[in-house]
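The primary structure of each chain is shown beneath.
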Amino acid sequence: MVDVKTDRPHILLVNPWIHDFAAYDVWAQPLGLLQLGAGLRRHGCRISYIDCLDRFHPRAPGADPGRRNGRGPYMKTPLPAPPGLETLPRRFSRYGIPTDWFERDLRALSPPDLIMVTSVMTYWYPGVAETVRALKQVFPTTPLVLGGIYATLCRAHAETHIGADTIVSGPVDRGLLAILEAHIGFQTQPAFDFEDLDDWPYPAFDLQHQIAYIPVLTSLGCPFRCDYCAAHRLQPRRRRRDPLAVVAELEYWHRRYGVRDFVFYDDALLVDADTHALPLLEALVRRTAGLRFHTPNALHIREISPQIAVLMRRSGFATVRLGLETAAPDDGTRLDHKLARHDFESAARNLLAAGFSAHEVGAYLLAGLPDQSLNALEDAILSVKAMGIRPILAYYTPIPHTALWERAVAVSRYDLEADPIYTNNAIFPCQREAFSWEALARLKRLTLS
Ligand code: B12
């Protein structure tokens, strides 16, 4: 236990390795973990952070944060493919820093009082398990808590496969203080209003070796419930920030660290636009010239009015991604892209009329859904191209606690319930009809031509 009178608790935050067939830093940072880190720091904790995916590790050959608007490749080491997936024509790897660098970095730390590890994709759990094993070797008696998306969606699996002392599921607000008290006996009064997103300190991105871009959340939660998406489970409550407080945060990162690329992580950035996105975009136009904004997490197409499109263009949106399958209020659970075609056409028209090029605007098409035929996918690709924007295939990953899960389990050629590894979208777990890697390659070429 920490002696609360004399010690500041030392908390080690860890972003684990990824084991996968492919991985790339597509503007992916552990925002949740770094938010918690900032909250802990505000309560007097000393924070160390090790990012197993660090592209800018001091021992790494000089990666350039300014290229590709902050994106870039992770280091990688080949690994044997997981059981059952050995015959796939793809290489399996550990993405991130070499294991001995991790160990050296851990040994250079003064022993932490508590270790907090995050998790993202459910099928990345082997990388989480390997990270926890390495942590336990160096700090065998330090309590280790695992949270994040995998820990929330696959709690029972995490309890038996990771080796963490505690699994925390769901979003963490005030519960942060309870975690401190339960594991290290550190008691303190709340230093800010946990309920008010604008009262939280900014996420601790300053703990990174390099800030190539900043992820931003202007809101939590999503009012829709798409069949394939787990957002409702991960962030059950919709909460919004004050748009002007968001702009102040962007200005802070730009002035203090020279950051130019900002990436919106919202599930529903444009929903309730009159009171949220419109004032936000107007303030961006007025105050943040020269910054670039990206929305790799798809936007709801129904919300892209001519006014929104123009403001997005004028404020500096550089990468715009639309979710063709995302729900419209009256057909919230349908997946057939044709239902949303009218809305989609008008969103595409509005964006192109506002001055966006086909290169800047892309529409995600979910590929590999249960019962989806390759013909339907081909049709969808052609209709998106006909609208003058870029189709981008987003491979479907079956997710527990979503409406589509049962159907995915029923049609899959893998035992999805036995092991989340088989929900990896790279293996097209639900595709049966006429599926072949050649057919997929042909459709991918069709999106590019
Ligand atoms: C932003 C986002 C992205 C970003 C990158 C995010 C990242 N870090 O990698 C982008 C846009 C690049 C992206 C891409 C993809 N994504 Co995505 N993404 C999200 C999204 C919308 C938000 C995640 C987030 O940052 N939330 C905000 C933070 C604050 O929350 P958090 O991380 O959960 O942290 C909180 C808690 O979990 C907890 N916590 C976190 N860590 C810890 C640690 C401890 C110790 C404790 C106690 C607590 C704790 O406290 C935090 C504060 O409350 C989620 C949906 C959602 N609402 O969660 C999907 C989601 C994670 N994505 C998903 C998918 C499928 C993808 C893609 C595969 C899409 C595709 N088909 O191409 C790609 C893969 C990209 C990749 N990384 O390689 C799925 C995951 C499916 C799965 N099987 O796990 C989700 C759940 C969406 C869905 N379809 O339901 N994504």
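On a predicted model such as this, the values are computed, not experimentally measured, just so you know. (Residues numbered from 1 in each chain as written. Predicted model: local features only at pLDDT ≥ 70, side-chain atom pairs only at ≥ 80, totals over all residues. Heavy atoms only, no water.)

Draft legend 1. Molecular detail of the domain arrangement of the protein. Along its sequence, the protein is organised into domain 1 (10-184) and domain 2 (213-448). The C-alpha centroid of domain 2 is placed 25 Å from the C-alpha centroid of domain 1. With 29 residues of domain 1 at the contact, the number on the domain 2 side is 32 residues. Between domain 1 and domain 2 lies a buried interface of about 2,600 Å² when both sides are counted; carbon and sulfur atoms form 66% of it. It is W27, Y123 and L153 in domain 1 that bury the most area against domain 2; as a group they hold 29% of the surface buried on that side. Linking domain 1 to domain 2 there are two salt bridges. When the shortest N-O distance is used, the salt bridge between R237 and D173 registers 3.7 Å. The interface formed by domain 1 and domain 2 holds 11 residue pairs in polar contact (both at pLDDT 80 or more) in total. When contributions to the side of domain 1 that touches domain 2 are tallied by element, the ones reaching two or more residues are α1 (31-42), α3 (125-138) and α4 (149-153). (Domains from an automatic or database assignment. Contact = heavy atoms within 4.5 Å. Buried area = accessible area lost by both parts, 1.4 Å probe. Salt bridge = Lys/Arg side-chain N within 4 Å of Asp/Glu carboxyl O. Polar contact = N/O pair within 3.5 Å; in protein donor to acceptor, adjacent residues only side chain to side chain. Helix = DSSP H or I, 4+ residues; strand = E, 2+ residues; numbered from the N terminus.)

Draft legend 2. Summary view of the sheet that holds strand β7 (residues 144-146). Read from one edge to the other, the open sheet built from five strands follows the order β3-β1-β6-β7-β8, with strand pairing classed as parallel. At either margin of the open sheet sits one strand with a lone partner, and together these are β3 (46-51) and β8 (166-167). Where β7 lies against β8, two bridges are found, and the strand directions are parallel. Note that in β8 the partner of L146 across the bridge is I167. Strands β1 (10-15), β3 and β6 (114-117) of the sheet are contacted by α1, whose axis makes an angle of about 170° with β1. (Pairing = 2+ DSSP bridges. Axes fitted to C-alpha atoms, helices over the stretch in contact; angles between N-to-C directions.)

Draft legend 3. Looking closely at the sheet that holds strand β5 (residues 92-95). Strand order in the open sheet formed by three strands is β2-β5-β4, and the pairing between neighbours is antiparallel. In the strand order of this sheet, the two ends are held by β2 (18-20) and β4 (76-79), each with one partner. In this sheet, neighbouring strand axes are inclined to one another by 25° on average, regardless of whether the strands run parallel or antiparallel.

Draft legend 4. Molecular detail of the pattern of salt bridges. For the coordinates displayed, the defined rule picks out 18 salt bridges. Residue R41 pairs with D206 through a salt bridge whose shortest N-O separation is 2.9 Å. Of the two residues, R41 is situated in helix α1 and D206 in the loop between α6 (175-184) and β9 (214-216); the sequence distance between them amounts to 165 residues. Relative accessible area serves as the criterion here: at 29%, D206 is assigned to the partly exposed category. Between R239 and D173 there is a salt bridge whose closest N-O contact spans 3.2 Å. Remark: D173 occurs in the loop between β8 and α6 and R239 occurs in strand β11 (residues 239-240); sequence separation between them is 66 residues. Accessibility expressed as a relative area gives 11% for R239, which makes it buried. Members of the salt-bridge network, linked through shared partners, are D173, E195, R237 and R239. (Buried < 20%, exposed > 50% of the residue type's maximum accessible area, 1.4 Å probe, protein only.)

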